[in-house]
Amino acid sequence: MEVFVVGGAVRDALMGLSVNDRDWVVVGSTPEAMTAQGYVPVGKDFPVFLHPKSREEYALARTERKTARGYKGFAVQAAPDVTLEEDLARRDLTINAMAVPEALAHSAPSTWTGLIVDPYDGQRDLQAKVLRHVTEAFAEDPVRILRLARFAARFADFSVADETMALMRQMVEGGEVDHLVPERVWQELAKGLMSTKPSRMFEVLRECGALKVLLPELGRLWGVPQRAEYHPEVDTGAHMMLVMDMAARLNTPLSVRVACLFHDLGKGNTPADVLPRHIGHEGRSVKLLLKVCDRLRVPRDCKELAEVVAREHGNIHRSAELNAEAVMRLLERCDAVRQAERFERVLQACECDARGRLGLADAAYPQAERLMLAQKAALAVETAPIAQAAAQEGLKGPQIGERITQARVQAIRQVLR
């Protein structure tokens, strides 16, 4: 049998990036032969094995043929006569359809000259910085549209080949995207959100028409005006992309990026006669994002953070005007005492929103520091003695809680001075 390292490991090595995971393809073998050599079978849908020592995954060379719509609608053939070129043909992009013999896998890419198996000119597209589909079989799996979009977010200076964009448009128009499983959509979106330039993912999805199918609540934000004195970029969709890239620039976690993505969804259904004002968009945003999160099976921590940010981001932006009592009420609505760490992420998302505006990328956001000081002061209040003293006075439940709140307000008042 012959063994090759394939896909992303080859691509990243040629780009000078660190290689963390390697995918291996075995040509000319059978499941029985692999097992006899100590490889452990783990694949459910096709023959994949764990190496007996490294525990890396080794897959038998295979072909795939679409038989029906959906994730399971593929007929897989793995046989000793399947060639490496046939295996590479089923891959999505040319830059992911290259292979290197096992003996060279751990050596410097400079030693690979003339030895890279590259039947679809992946090296050419790497140099030209182009994302191009391998064959028309790309159209058989609509998840590839999302994969390409997140690669565009990861490699932000790459363009999409014209013929590939045209093929993706055909897929969308043919209804292929309508049949994507929510979990797979979320999986790809989450990876793209954590890329260096998330806005590129949404630009690509919007250009091919997939965004209005997968996230119509987000897609309708383009063309919706905002007040220029608050949003110099005016267009709500443009604002969302600036916010997403600011979230990446500030190296925020996934939950913050999800909150950034959904915080202004309500602006998409603001009545036309009140534009460019968006009165009450916070509440509309909450309703929409909860539906989106349920539809895409978004993790609970992301959903809950997004809800708080959508509801309160306007109040947090205006918090410099609030007195101690109003600040305490804001902290309570954000559950900032019980979930102190989450409140920091709420403020991160709000900072991304404030700085994700044309010409304001380097602006200060003093609201975050002021509210963190207030939260720290509230947390520093020792509640047990207050509760004990109140109980001795005959106070109960809500009355004791009010005493504690008053103490926290006083602490906040002192620190804000």
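The shown structure was predicted, so the numbers you read here are calculated from the model rather than taken from an experiment.

*Asks:* Residue-level account of the pattern of salt bridges, with values.
*Replies:* Considering all chains together, one arrives at 28 salt bridges under this definition. Linking R147 and D92 is a salt bridge whose minimum nitrogen-to-oxygen distance equals 2.6 Å. Placement of R147 in helix 5 (residues 143–154) and of D92 in the loop between helix 3 (84–89) and strand 8 (99–101) is noted, with a sequence separation of 55 residues between them. Salt-bridge contacts for E207 lead to R169; the nearest nitrogen and oxygen are separated by 3.6 Å. Remark: R169 occurs in helix 6 (residues 162–173) and E207 occurs in helix 8 (residues 198–208); sequence separation between them is 38 residues. By relative accessible area, R169 is classed as partly exposed at 32%. Shared partners join several salt bridges into a network, and the residues in it are D121, R124, D125, R132 and E163.

*Asks:* Account for the layout of surface pockets, naming residues and giving values.
*Replies:* In this structure, the largest pocket occupies an estimated 1,700 Å³ of space. Considering the residues around the largest pocket, the lining is formed by 46 residues, among which D23, F46, R62, R91 and R147 are closest to the centre. For the lining of the largest pocket, the secondary structure elements donating two or more residues are helix 1 (8–14), strand 2 (23–27), strand 5 (57–60), strand 6 (62–66), strand 7 (74–78), helix 5 and helix 7 (182–193). For the lining of the largest pocket, a count of residues per class yields 15 nonpolar, 9 polar and 22 charged. Every residue lining the second largest pocket is counted, 28 residues in all, and those nearest its centre are Y230, H231, H317, R318 and R357. Of the residues belonging to the lining of the second largest pocket, the class tally is 9 nonpolar, 10 polar and 9 charged.

*Asks:* Before we move on, can you summarise the nonpolar core with the specific residues and values?
*Replies:* With 107 residues, the main nonpolar core has F202 and L218 as its most contacted residues. The leading source of residues in this core is helix 5, at 8 residues. Beyond its immediate chain neighbours, meaning those up to four positions away, L218 contacts F202, L211, M240, L261 and L265. With 13 residues, the next largest nonpolar core counts V6, V25, A79 and A99 among its residues.

*Asks:* Describe empty space enclosed by the protein, and please don't skip the residues or the numbers.
*Replies:* Counted by the stated rule, this structure contains 2 cavities of 30 Å³ or more. Space inside the second largest cavity adds up to approximately 30 Å³. At the level of secondary structure, the elements contributing two or more residues to the lining of the second largest cavity comprise helix 7 and helix 12 (254–262). Here the lining of the second largest cavity is composed, by residue class, of 7 nonpolar, no polar and no charged.

*Asks:* Mind laying out the pairing of strand 1 (residues 2–6), listing which residues take part and the relevant values?
*Replies:* Burial runs high along strand 1: 4 of the 5 residues are buried. Alignment of strand 1 against strand 8, held across 3 bridges, turns out to be antiparallel. Bridge pairing links F4 to P101 in strand 8.

*Asks:* A description of the sheet that holds strand 1 should follow, citing residues and the corresponding values.
*Replies:* Two strands in a sheet stick together by hydrogen bonds in their backbones, pointing the same way (parallel) or opposite ways (antiparallel). Spatially, 6 strands are ordered 3-4-5-2-1-8 in an open sheet, and the strand pairing comes out mixed. At either margin of the open sheet sits one strand with a lone partner, and together these are strand 3 (40–41) and strand 8.

*Asks:* Please provide a residue-by-residue account of the side chain of H317, values included.
*Replies:* On the secondary structure map, H317 appears in helix 14 (residues 300–317). For H317, a relative accessible area of 19% puts it in the buried group. Within the structure, the side chain of H317 is placed 2.8 Å from the side chain of Y365, a separation counted as a polar contact. Dropping the residues within four chain positions of it, H317 is found in contact with C350, D353, A354, R357, Y365 and Q367.

*Asks:* Residue-level account of the environment of E173, with values.
*Replies:* Checked against the element boundaries, E173 lands in helix 6. Considering only alpha carbons, one finds E173 and G209, 36 residues apart in sequence, at a separation of 8.1 Å.

*Asks:* Explain the state of the cysteines to me, and be specific about the residues and the numbers.
*Replies:* Under the definition given, this model contains 0 disulfides. Here C302 stays free of any disulfide, with the sulfur of C293 as its closest cysteine sulfur at 7.8 Å. For C302, a relative accessible area of 2% gives the class buried. As a non-bridged cysteine, C334 has C350 as the owner of its nearest cysteine sulfur, 7.6 Å distant.

*Asks:* If you had to explain the side chain of D87 to someone new, which residues and values would you point to?
*Replies:* Mapping D87 onto the fold places it in helix 3. Relative accessible area serves as the criterion here: at 0%, D87 is assigned to the buried category. Beyond its immediate chain neighbours, meaning those up to four positions away, D87 contacts V25, L60, A61 and R62.

About the criteria used
Residues numbered from 1 in each chain as written. Predicted model: local features only at pLDDT ≥ 70, side-chain atom pairs only at ≥ 80, totals over all residues. Heavy atoms only, no water. Salt bridge = Lys/Arg side-chain N within 4 Å of Asp/Glu carboxyl O. Helix = DSSP H or I, 4+ residues; strand = E, 2+ residues; numbered from the N terminus. Buried < 20%, exposed > 50% of the residue type's maximum accessible area, 1.4 Å probe, protein only. 1 Å grid on protein atoms, 1.4 Å probe; cavity = no way out; pocket = protein on both sides within 12 Å on 5 of 7 lines; lining within 4 Å. Points joined across faces, edges and corners; volume = space filled by probe spheres on them. Nonpolar A, V, L, I, M, F, W, Y, C, P; charged D, E, K, R; others polar. Core = buried A, V, L, I, M, F, W, Y, C linked by side-chain atoms within 4.5 Å. Contact = heavy atoms within 4.5 Å. Pairing = 2+ DSSP bridges. Polar contact = N/O pair within 3.5 Å; in protein donor to acceptor, adjacent residues only side chain to side chain. Disulfide = S-S within 2.5 Å.

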